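Inside the fold
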Amino acid sequence: MTDQHGELDAALERVIEAARHHLAAVRAAQGRIDDDDVWQAYVALNNASYAYDEQLMDAFGEVTPWDVEAIDPDEADRRFGGEGVEPTDPHPRVISVRQRRDYRVPSVSALIQVAEAARRAGAPEEDEVAPVEGVGEAVLELLQSGDGSLGALEVPELEPLDGVVMVSEVGTPVDLESFDDDDPVGPFQPAVDDRLVGRLDEHSFLDDEEHDHAH
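The sections below set out a description of the structure shown in this document. Small disclaimer: the values here were computed from a predicted structure and weren't measured.

With 10 bridges connecting them, strand E1 (residues 94-104) and strand E2 (residues 159-170) associate as antiparallel partners. Looking across to E2, one finds that Val94 is bridged to Val170. Where E2 meets strand E3 (residues 195-202), seven bridges bridge the pair, whose relative direction is antiparallel. Within the sheet, the bridge partner assigned to Gly163 lies in E3 and is Glu202.

Right, dumping it as structure tokens:
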């Protein structure tokens, strides 16, 4: 029984030491998500707690409040990408979606009126609203006053034409600070190591009159 008591004491000390290591790793991570040191310390604390619980049950038929199961450290590394383990997923973790949609403007004045109405609606009543100048500014205003997606441009004053969506696997996410505000190419230019996964072509539907003329 003496040896069993000694084994229990040693198992408890391993739990205490693992808890100290876990706390130190958590403090060092300072809130970082998926920190490897925190994960390794968590696995060690979990397994030390499980071992102590099992030994306590064997010795006295008693249990701890810890409801844990043993974690295989090697399997945990494979699942969660621990240190020293090669990742099993060959794909990069950054996906780039590039979208282009063209529109025909039947009436510039009508489009500007719609954009100015959206601008007034989004401004306090006491503010003087500047006029919208040009088609490009009108489209930007509609995007800003909407949800920022192309759905905000679904207005009668814009006729959708064809569009395209390209999905690529990229090694590095876009760094907007490295491009000038008036750079029309840089943010959309694929890098050398980008891999195009696929392209979706979006075709606009002809109305009945255009469809008849097409035949």
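Right, let's get into a negative patch on the surface. Together, Asp175, Glu177, Asp180, Asp181 and Asp182 line one region of the surface with negative charge. With respect to the helices and strands, Asp180 occurs in the loop between E2 and E3.

With that settled, the discussion passes to the nonpolar core. In summary, soluble globular proteins display a tendency toward joint burial of nonpolar side chains. Judged by nonpolar contacts, the single largest core of 13 residues is most densely connected at Leu111, Ala138, Val139, Leu142, Leu153 and Leu158. Put simply, the parts of the chain that give this core at least two residues each are helix H4 (108-121) and helix H5 (135-145). Core analysis: the second largest hydrophobic core is formed by nine residues, Leu8, Ala48, Tyr52 and Ala59 among them.

Here we take up the pattern of salt bridges. A full pass over the atoms with the stated rule returns 10 salt bridges. Of the charged contacts, one joins Arg32 and Asp35 as a salt bridge, the two residues approaching to 3.0 Å between their closest N and O atoms. Of the charged contacts in the structure, one is a salt bridge between Arg119 and Glu141, with a shortest N-O distance of 2.9 Å. Taken together, the positions of Arg119 in helix H4 and Glu141 in helix H5 put the pair 22 residues apart, joining distant regions of the chain. Each of the two residues, Arg119 as well as Glu141, counts as buried. The structure contains a network of salt bridges with shared partners spanning Arg119, Glu137 and Glu141.

What counts as what
- Residues numbered from 1 in each chain as written.
- Predicted model: local features only at pLDDT ≥ 70, side-chain atom pairs only at ≥ 80, totals over all residues.
- Heavy atoms only, no water.
- Pairing = 2+ DSSP bridges.
- Helix = DSSP H or I, 4+ residues; strand = E, 2+ residues; numbered from the N terminus.
- Patch = residues over 30% accessible without salt bridge, like charges linked within 9 Å, V, L, I, M, F, W, Y side chains within 5 Å.
- Areas by Shrake-Rupley, 256 points an atom, 1.4 Å probe, with all protein chains shown as cover.
- Salt bridge = Lys/Arg side-chain N within 4 Å of Asp/Glu carboxyl O.
- Lys, Arg positive; Asp, Glu negative; His and termini not counted.
- Charge placed at Lys NZ, Arg CZ, Asp CG, Glu CD.
- Core = buried A, V, L, I, M, F, W, Y, C linked by side-chain atoms within 4.5 Å.
- Buried < 20%, exposed > 50% of the residue type's maximum accessible area, 1.4 Å probe, protein only.

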